[in-house]
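For reference, the chains in residue letters:
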2 protein chains.
Amino acid sequence: MTRFVDVHNMVKWVADTGPERIMAGMVDYLESDFRRWETFDKTPRVASHTPFGVIELMPTSDYETYGFKYVNGHPSNPARGYQTVTAFGVLADVHNGYPTFLSEMTVLTALRTAATSAMAAKALARPGSVTMAMIGSGSQAEFQTLAFRSTLGIDTLRIWDTDPDAMAKFVRNVAPLGFHVTVASSAADAVDGADVITTCTADKAQATILTADLVRPGVHINAIGGDCPGKTELEASILRSAGVFVEFAPQTRIEGEIQQLEPDFAVTELWQVLAGRAPGRIDDAQVTVFDSVGFAIEDFSALRYVRDAVSGTEYSVEIDLVASPGDPKDLFGLVGALSPVG
Amino acid sequence: MTRFVDVHNMVKWVADTGPERIMAGMVDYLESDFRRWETFDKTPRVASHTPFGVIELMPTSDYETYGFKYVNGHPSNPARGYQTVTAFGVLADVHNGYPTFLSEMTVLTALRTAATSAMAAKALARPGSVTMAMIGSGSQAEFQTLAFRSTLGIDTLRIWDTDPDAMAKFVRNVAPLGFHVTVASSAADAVDGADVITTCTADKAQATILTADLVRPGVHINAIGGDCPGKTELEASILRSAGVFVEFAPQTRIEGEIQQLEPDFAVTELWQVLAGRAPGRIDDAQVTVFDSVGFAIEDFSALRYVRDAVSGTEYSVEIDLVASPGDPKDLFGLVGALSPVG
């Protein structure tokens, strides 16, 4: 049988446990998987593009467990009452190919994206960072704040979004969570005094929501909104004078902020920093950028974490996804005996 | 919500309806999709190979509906009590990327493979074909016989397998179905007098289970067991003197019987015959071969067929796979309000 976590159970598990605690646990799984990054099968995602958006399959494997995520990205969805991004994922046993775990991943992707950002910031931001500017207050924003609090100690938020309703929603959601929140009047106002800047807007365009003159020495930029071809958020000159860290360089050069730069622009893969194979931040004055686009291994870590965390609890159910005839060669026996003739 | 057909409901639907009737209906869907073959997104499958076997994702899209199948192939599974092949599949709406339909596909793949074989034979075999030789009596065998009866009028079977238990299982399963069945003493004995020869063994090797001297003029060969690199069943010279029909030539040259031949060996894609764009059988003396490896569009047709056939019945249930917050930008609102702080 295959274990299944549906939306109802995912929401209940996250609400009961607390998203902050979950993301803290997820960071441990992510760090463990990033440290063994080289041992994973890093097949590129398979995308089906249409004028409406994209549907992708993102597989990976550590040769014991195989995982993949189905995910869509449809920028025009919110205006029609749908989520921009929905997702679900599967884990399977490599030795026999049987799927063992199925989970909703719309909520889980939000958690893993924020946990990944926080893991990168823990490795790259200045120690003692407490203030984060948030440019963009969509679906990701609240998750980011909680992940950064548990992992980095962020307790002060400066928020800016061009959509006042989205900002109001953000303030309403984080108000009970114990942060100091300032609603800024512009992106420039938001980043004033920030130790960390998170850019996460939904514009599907080469926007420049953060210009070089706004970036002070020593800041860490968590750039998560520029994540597909044609969609960037940072002025290119920010990248040229910063230390730029990515998940998987071949993919980020196509999808990330660095799509604006020459193909041999020097970047460091984050796993190398976590594995002690490359330096992270050089000094307190360096600007560091995590140019994040999302990678299948992060979904793999998140699925593993949920699977283990809900094991033996009521947050999952069994579903009957794999036929098990008594004789493996007698699949027909499952249906034949009862069938009408002709 | 997403409709879900689990193994229990699939088996019940097939048993209640009858596999023969289902495959006849599926042939209609397959023919319709093969005729519009050119309009599909034909992304190659994404495979993760290990010494144990392979796990594949097979996506396709007609730009209104997106579909994919997860399928494994583990030759050593039956010896350990597992199915060689298990599968499940998904359909999604392209306009918003939401998954609408999830189904088990272990049983369904068996049905679609046999329905595809029967569709090809209907287009390629000599009219009036009534006798089929079956070389190999594994999981596929019974499904093939029923699909060929409903589509082509096959009523006489000559079976051969090196595994006596598998032959006994086959005879036991088809005995109540009204065929004339002869258990042959060899492959040569099985093909004697056959109008159609189906080769479907599990050997993962360049086996020669059918040699040219056994192939009489006018026969149609339904070659379904040679379906991955290094796995073939026909002597190469059979192919050289036959009309060879394939699903998708770039894939079949890697996975099919024609992997034994030079890369420019002339073949016809089956959709061209069904769309009236290429001739099928030339005369009653020609040997025709359907060199079948399975293609994502066939799974797409099968999933569409089940989805439509079980719509409004009790053979499917709703599952909660996609989060639907009231405000699409407020995913956190689903979990935040109820969450413990800190």
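Looking at an unreviewed UniProt entry, one finds chain A named Ornithine cyclodeaminase and attributed to Luethyella okanaganae.

**Student:** Requested: an account of the interface of chain A and chain B, with residues and values cited.
**Tutor:** Interfaces are frequently sized by the accessible area removed from exposure as the parts join. Facing 85 residues of chain A, the contacting portion of chain B comprises 85 residues. Overall, the association of chain A and chain B removes approximately 7200 Å² of surface from exposure, summing both partners, and the carbon and sulfur fraction of that is 68%. Where chain A meets chain B, there are one salt bridge. The shortest N-O distance in the salt bridge between Asp-330 of chain B and Arg-172 of chain A comes to 4.0 Å. Connecting chain A to chain B are 22 residue pairs in polar contact (both at pLDDT 80 or more). Ranked by the residues each element gives to the side of chain A that touches chain B, the list is headed by helix 1 (residues 7–17) of chain A, at seven residues.

**Student:** How would you explain the sheet that holds strand 3 (residues 54–61) of chain A if you had to name every residue and give the values?
**Tutor:** Residues and elements named next belong to chain A. The sheet built from seven strands is open, its strands ordered 2-3-4-5-6-1-17 with mixed pairing. Among the strands making up the open sheet, the edge pair consists of strand 2 (46–49) and strand 17 (317–319). In this sheet, adjacent strand axes meet at a mean angle of 20° when their direction is disregarded.

**Student:** Give a description of the packing of helix 2 (residues 19–35) of chain B against helix 3 (residues 106–124) of chain B that names residues and reports values.
**Tutor:** All names here are of chain B. Contact geometry for helix 2 and helix 3: axes closest at 8 Å, N-to-C directions at 65°. Regarding helix 2 and helix 3, the two cross each other, and that crossing is right-handed. Residues Pro-19, Ile-22, Met-23, Met-26, Val-27, Leu-30, Glu-31 and Phe-34 of helix 2 lie in contact with helix 3, whose contacting residues are Leu-108, Leu-111, Arg-112, Ala-114, Ala-115, Thr-116, Met-119 and Lys-122. Class assignment for the residues of the contact of helix 2 with helix 3 results in 12 nonpolar, one polar and three charged.

**Student:** Lay out the relation of the copies chain A and chain B in plain terms, naming residues and giving numbers.
**Tutor:** Here the second copy of the chain follows from the first by a rotation about an axis and a shift along it. In the superposition of chain A on chain B (RMSD 0.0 Å, axial shift 0.0 Å), the rotation amounts to 180°. Both chain copies can therefore be described as sitting about a two-fold axis.

**Student:** Give me the lowdown on the packing of helix 3 of chain B against helix 4 (residues 141–152) of chain B, citing residues and values where you can.
**Tutor:** All names here are of chain B. One way to put it is that helix 3 packs onto helix 4 with a least axis distance of 8 Å and a crossing angle of 40°. Here helix 3 lies oblique to helix 4, going by the angle between them. Crossing of helix 3 against helix 4: the hand is right-handed. Contact residues: helix 3 offers Ala-110, Leu-111, Thr-113, Ala-114, Ala-115, Ser-117, Ala-118, Ala-121 and Lys-122, while helix 4 offers Phe-143, Gln-144, Ala-147, Phe-148, Thr-151 and Leu-152. A class-by-class count of the residues in the contact of helix 3 with helix 4 yields 10 nonpolar, four polar and one charged.

**Student:** Give me the environment of Arg-35 of chain A: which residues, what numbers.
**Tutor:** Residues and elements named next belong to chain A. Looking at the secondary structure, you find Arg-35 in helix 2 (residues 19–35). The partly exposed category is assigned to Arg-35, whose relative accessible area is 48%. In the structure, Arg-35 is positioned 239 residues away from Leu-274 in sequence and 5.9 Å away in space, judged by C-alpha atoms. Each residue touching Arg-35, except ones within four places of it in the same chain, is listed here: Leu-274 and Ala-275. At 3.3 Å, the side chain of Arg-35 forms a polar contact with the backbone oxygen of Leu-274.

**Student:** Please give an account of helix 2 of chain A that cites residues and values.
**Tutor:** End to end, helix 2 of chain A covers 24 Å across 17 residues, agreeing with the expected 24 Å (1.5 Å per residue, within 8%). Restricting attention to buried positions, one finds in helix 2 of chain A the residues Pro-19, Glu-20, Ile-22, Met-23, Gly-25, Met-26, Val-27, Leu-30, Glu-31, Asp-33 and Phe-34 of chain A.

**Student:** Help me get a handle on the packing of aromatic side chains, residues and values and all.
**Tutor:** Considering all chains together, one arrives at 25 aromatic pairs over all chains under this definition. Between Tyr-98 of chain A and Tyr-82 of chain B, the ring centres sit 5.3 Å apart and the planes meet at 65°, which makes this aromatic pair edge-to-face. Of this pair, Tyr-98 of chain A sits in the loop between strand 5 (87–93) and strand 6 (99–104) while Tyr-82 of chain B sits in the loop between strand 4 (65–73) and strand 5 (87–93), which puts the two residues in different chains. Ring centres of Phe-332 of chain A and Phe-143 of chain B lie 5.2 Å apart, and the angle between their planes is 80°; this geometry places the pair in the edge-to-face category. Here Phe-332 of chain A, found in helix 11 (residues 332–336), pairs with Phe-143 of chain B, found in helix 4, and the two come from separate chains. Judged by relative accessible area, Phe-143 of chain B falls into the buried class, the value being 0%. Three or more aromatic residues link up through ring pairs in this structure, and these residues are Tyr-66, Phe-68, Tyr-70 and Phe-88 of chain A together with Tyr-66, Phe-68, Tyr-70 and Phe-88 of chain B.

**Student:** For the side chain of Thr-288 of chain B, give the residues involved together with the corresponding values.
**Tutor:** Residue and element names in this part refer to chain B. Residue placement: Thr-288 occurs in strand 16 (residues 288–291). Reaching out from Thr-288, the side chain makes a polar contact with the side chain of His-220 at a distance of 2.8 Å. For Thr-288, the residues in contact, after removing those within four places along its chain, are Leu-124, Val-219, His-220, Ile-221, Gly-243, Phe-245 and Arg-281.

**Student:** Summarise the pattern of salt bridges; cite the residues concerned and give the values.
**Tutor:** A complete count under the given rule lists 39 salt bridges over all chains for this structure. With a closest N to O distance of 3.2 Å, Lys-12 of chain B and Asp-16 of chain B form a salt bridge. Here Asp-16 of chain B and Lys-12 of chain B lie together in helix 1 (residues 7–17), a separation of four residues that amounts to about one turn. The exposure class assigned to Lys-12 of chain B is partly exposed, which follows from its relative accessible area of 38%. Here the salt bridges do not stand alone but share partners, grouping Asp-33, Arg-36, Asp-62 and Arg-304 of chain A into one network.

**Student:** Mind laying out unusual backbone geometry, listing which residues take part and the relevant values?
**Tutor:** With a phi angle near 75°, Tyr-63 of chain A is a residue other than glycine that sits in the positive phi range. Residue position: Tyr-63 of chain A is located in the loop between strand 3 and strand 4 (65–73).

**Student:** Kindly report on helix 3 (residues 106–124) of chain A, identifying the contributing residues and their values.
**Tutor:** With 19 residues, helix 3 of chain A should reach 27 Å at 1.5 Å per residue; the first-to-last C-alpha distance of 27 Å fits that figure. Helix 3 of chain A sits mainly inside the fold: 17 of its 19 residues count as buried.

**Student:** Quick rundown of the domain arrangement of chain A? Include the residues and the values.
**Tutor:** Residue and element names in this part refer to chain A. Per the domain assignment, the segments making up chain A are domain 1 (2–107 + 297–323) and domain 2 (116–294). Computed from C-alpha coordinates alone, the two centres of domain 1 and domain 2 are separated by 23 Å. Tallying the contact residues gives 16 residues for domain 1 and 22 residues for domain 2. Salt-bridge contacts for Arg-149 lead to Glu-20; the nearest nitrogen and oxygen are separated by 2.9 Å. At the boundary of domain 1 and domain 2, one finds six residue pairs in polar contact (both at pLDDT 80 or more). Top element by residues in the side of domain 1 that touches domain 2 is helix 2. It accounts for nine residues. In terms of residue class, the side of domain 1 that touches domain 2 is built from nine nonpolar, no polar and seven charged.

**Student:** So what's going on with the pairing of strand 7 (residues 131–135) of chain A? Residues and values would help.
**Tutor:** Residues and elements named next belong to chain A. Of all five residues making up strand 7, five are buried, and the element is well covered by its neighbours. In strand 7, alternate side chains face the same way, and those of Thr-131, Ala-133 and Ile-135 on one face and Met-132 and Met-134 on the other are all buried. Bridge count between strand 7 and strand 8 (residues 156–160): five bridges; the pairing is parallel. Residue Thr-131 lies in a different strand from strand 8, and its bridge partner there is Thr-156. The handedness of the strand 7 to strand 8 crossover, carried by helix 4 (residues 141–152), is right-handed.

Conventions used here
- Residues numbered from 1 in each chain as written.
- Chains lettered and ligands numbered in written order.
- Predicted model: local features only at pLDDT ≥ 70, side-chain atom pairs only at ≥ 80, totals over all residues.
- Heavy atoms only, no water.
- Contact = heavy atoms within 4.5 Å.
- Buried area = accessible area lost by both parts, 1.4 Å probe.
- Salt bridge = Lys/Arg side-chain N within 4 Å of Asp/Glu carboxyl O.
- Polar contact = N/O pair within 3.5 Å; in protein donor to acceptor, adjacent residues only side chain to side chain.
- Helix = DSSP H or I, 4+ residues; strand = E, 2+ residues; numbered from the N terminus.
- Pairing = 2+ DSSP bridges.
- Axes fitted to C-alpha atoms, helices over the stretch in contact; angles between N-to-C directions.
- Left-handed = near helix turned anticlockwise from the far one by under 90°.
- Nonpolar A, V, L, I, M, F, W, Y, C, P; charged D, E, K, R; others polar.
- Least-squares fit on C-alpha atoms with pLDDT ≥ 70 in both.
- Parallel < 35°, antiparallel > 145°, perpendicular 65-115°, else oblique.
- Buried < 20%, exposed > 50% of the residue type's maximum accessible area, 1.4 Å probe, protein only.
- Expected span 1.5 Å × (residues − 1).
- Phe/Tyr/Trp six-rings, centres within 6.5 Å; stacked < 30°, edge-to-face > 60°.
- Domains from an automatic or database assignment.
- Right-handed = clockwise from strand over helix to strand, strands pointing away.

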